[in-house]
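What the coordinates show
One-letter residues, chain by chain:
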Amino acid sequence: MEIPALDVRDQVALVTGAARGIGRSLAVGLAHYGADVAVADLPGSMAEAEEVAAEVRSLGRRSVAVPVDVRDLGRIDGMVAQTVAALGRIDILVNNAGVQVAKPALEVTEADWDAVLDVDLKGVFFCSQRVGRVMKEQGRGSIVSIASQNGVIGYYNRAAYCSAKAGVVNLTRVLALEWAPYGIRVNAVGPTFVRTALGEQTLSNPEFRRDILSRIPLGRVAEPEEIIGAVVFLASPAASMVTGQTLLVDGGWTAQ
Ligand SMILES: NC(=O)c1ccc[n+]([C@@H]2O[C@H](COP(=O)([O-])OP(=O)(O)OC[C@H]3O[C@@H](n4cnc5c(N)ncnc54)[C@H](O)[C@@H]3O)[C@@H](O)[C@H]2O)c1
């Protein structure tokens, strides 16, 4: 019996929004589990992205920092071309880049809506499409998008964010169906609140923090490192029959 590997040894991963937060943890975590990693982030974040790439290299894996704005198709094409030129192919895409605007629905402007949807949904689609073309040529690949528990439940003051993440959850199903014949699996991970710069925007408010913690049965928010296992599993050969799914890493929030 050959047991499928529960790691990503010698695969090439591309992680967007990897200069900090969850993306940084995922880049280093994928390297820990054996992958070479392209660290993609906004052009203004390249100094931090280079630090992450150096951390990946310190683990004995190849790495390159690549500029991208996931709202810009030309830059997405540039990211894909640079990754393939530097690392040879793309076996794993992690769509992690994301932003949020926390406002009551009655106050959300058109600019707020576009800012969130352009990165969190349109960006996920076009990064997947452009990398999907490379994976189709390769005859294999695994895409993991970082959605959110807010893709399957509603939460106050998150109209655009919840809509975008719900879009990612269902886009994941569509791409899984369309690309299964090409050997490409497409899944998502839905974290609860995670302690990052993005999370701290809201977690620093004591009243909000109390409310959040009362809804998480495990009694705490997640650390960025706690998202790695779900992503590595979904990207790995161990998940070779898993596609179209969203794996929630939510401390039990949605079990209630
Ligand atoms: N932090 C949380 O509580 C939480 C919970 C659930 C899901 N998520 C999701 O996890 C992902 C990462 O969140 P985080 O908390 O690490 O955020 P973060 O703000 O710490 O990091 C986000 C990264 O994305 C990059 N980015 C933003 N816009 C970009 C663009 N247009 N093109 C390329 N890169 C861009 C930023 O430069 C940054 O490095 C997001 O998709 C977020 O929605 C976060």
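Everything in this summary refers to the structure shown in the same document. (Residues numbered from 1 in each chain as written. Predicted model: local features only at pLDDT ≥ 70, side-chain atom pairs only at ≥ 80, totals over all residues. Heavy atoms only, no water.)

**Some points on the side chain of Asn-150**
Within the secondary structure, Asn-150 sits in the loop between strand S5 (141–146) and helix H5 (159–179). You can call Asn-150 buried: its relative accessible area is 4%. Beyond its immediate stretch of four places on either side in the chain, Asn-150 contacts Tyr-155, Tyr-161, Cys-162 and Lys-165. (Helix = DSSP H or I, 4+ residues; strand = E, 2+ residues; numbered from the N terminus. Buried < 20%, exposed > 50% of the residue type's maximum accessible area, 1.4 Å probe, protein only. Contact = heavy atoms within 4.5 Å.)

**A closer look at helix H2 (residues 46–58)**
Compared with the 18 Å implied by 1.5 Å per residue over 13 residues, the 18 Å span of H2 between its first and last C-alpha is a close match. All of the buried residues in H2 are Met-46, Ala-49, Val-52, Ala-53 and Val-56. Each buried residue of H2 sits inside an arc of 110 degrees when the element is viewed along its axis, so together they form one side. Residues of H2 that are exposed and angled more than 90 degrees away from the buried face: Ala-47 and Ser-58. Contacts made by the buried residues of H2 are with helix H1 (21–32), strand S2 (36–41) and strand S3 (63–67). Downstream of H2 by one or two residues, Gly-60 has phi in the positive range, about 85 degrees. (Expected span 1.5 Å × (residues − 1). Arc of directions from axis to C-beta.)

**Focus on the sheet that holds S5**
Strand pairing in a sheet relies on backbone hydrogen bonds, with the paired strands running either antiparallel or parallel. Strand order in the open sheet formed by seven strands is S3-S2-S1-S4-S5-S6-S7, with parallel pairing between adjacent strands. Unpaired on one side and paired on the other, S3 and strand S7 (246–249) mark the two borders of the sheet. Within the sheet, the average angular offset between the axes of one strand and its neighbour, ignoring direction, is 20 degrees. The pairing of strand S6 (residues 184–191) with S7 spans four bridges and is parallel. Along S7, the bridge assignment pairs Val-189 with Leu-247. Those strands touched by H1 are strand S1 (12–16), S2, strand S4 (92–95) and S5, and its axis lies near 170 degrees from that of S1. In the packing of helix H4 (residues 110–138) onto the sheet, contacts are made with S1, S4, S5 and S6, and the angle to S4 comes to roughly 180 degrees. (Pairing = 2+ DSSP bridges. Axes fitted to C-alpha atoms, helices over the stretch in contact; angles between N-to-C directions.)

**Some words on the pairing of S4**
Here S4 shows no split at all, with Ile-92 and Val-94 on one side and Leu-93 and Asn-95 on the other all buried. The pairing of S1 with S4 spans three bridges and is parallel. Counterpart to Val-15 in the pairing with S4 is Val-94. With four bridges connecting them, S4 and S5 associate as parallel partners. Directly across from Val-94, in S5, lies its bridge partner Val-144. Assessed by its sense of winding, the connection that carries the chain from S4 through H4 to S5 is right-handed. (Right-handed = clockwise from strand over helix to strand, strands pointing away.)

**Regarding the packing of H4 against H5**
It is at 8 Å that the axes of H4 and H5 come closest, and there the two elements cross at 15 degrees. Relative to H5, H4 is oriented roughly parallel. The element H4 and its partner H5 pack so that their crossing is right-handed. Mapping the contact onto sequence places Trp-113, Val-116, Leu-117, Asp-120, Leu-121, Val-124, Phe-125, Ser-128, Gln-129 and Gly-132 in H4 and Ala-159, Ala-160, Tyr-161, Ser-163, Ala-164, Lys-165, Gly-167, Val-168, Leu-171, Leu-175 and Trp-179 in H5. A class-by-class count of the residues in the contact of H4 with H5 yields 14 nonpolar, five polar and two charged. (Parallel < 35°, antiparallel > 145°, perpendicular 65-115°, else oblique. Left-handed = near helix turned anticlockwise from the far one by under 90°. Nonpolar A, V, L, I, M, F, W, Y, C, P; charged D, E, K, R; others polar.)

**A word on the site of the ligand**
The ligand sits among 29 residues. The nearest are Ile-22, Asp-41, Tyr-161, Val-194 and Thr-196. The contact in question runs from a nitrogen atom of the ligand to an N or O atom on the side chain of Asp-69, over 2.9 Å. Residue Asn-96 places a main-chain N or O atom 2.8 Å away from an oxygen atom belonging to the ligand. When the ligand is considered free in solution it has 830 Å² of accessible area, and contact with the protein chains removes 95% of it. The site holding the ligand turns out to be the largest pocket. For the shell around the ligand, the secondary-structure elements that each account for two or more residues are H1, H5 and helix H6 (197–203). For the shell around the ligand, the class distribution of residues is 15 nonpolar, nine polar and five charged. (Near = heavy atom within 4 Å. Polar contact = N/O pair within 3.5 Å; in protein donor to acceptor, adjacent residues only side chain to side chain. Areas by Shrake-Rupley, 256 points an atom, 1.4 Å probe, with all protein chains shown as cover. 1 Å grid on protein atoms, 1.4 Å probe; cavity = no way out; pocket = protein on both sides within 12 Å on 5 of 7 lines; lining within 4 Å. Sits in = over half its atoms within 2 Å of the grid points.)

None of the figures reported here should be taken as evidence of function without further support.
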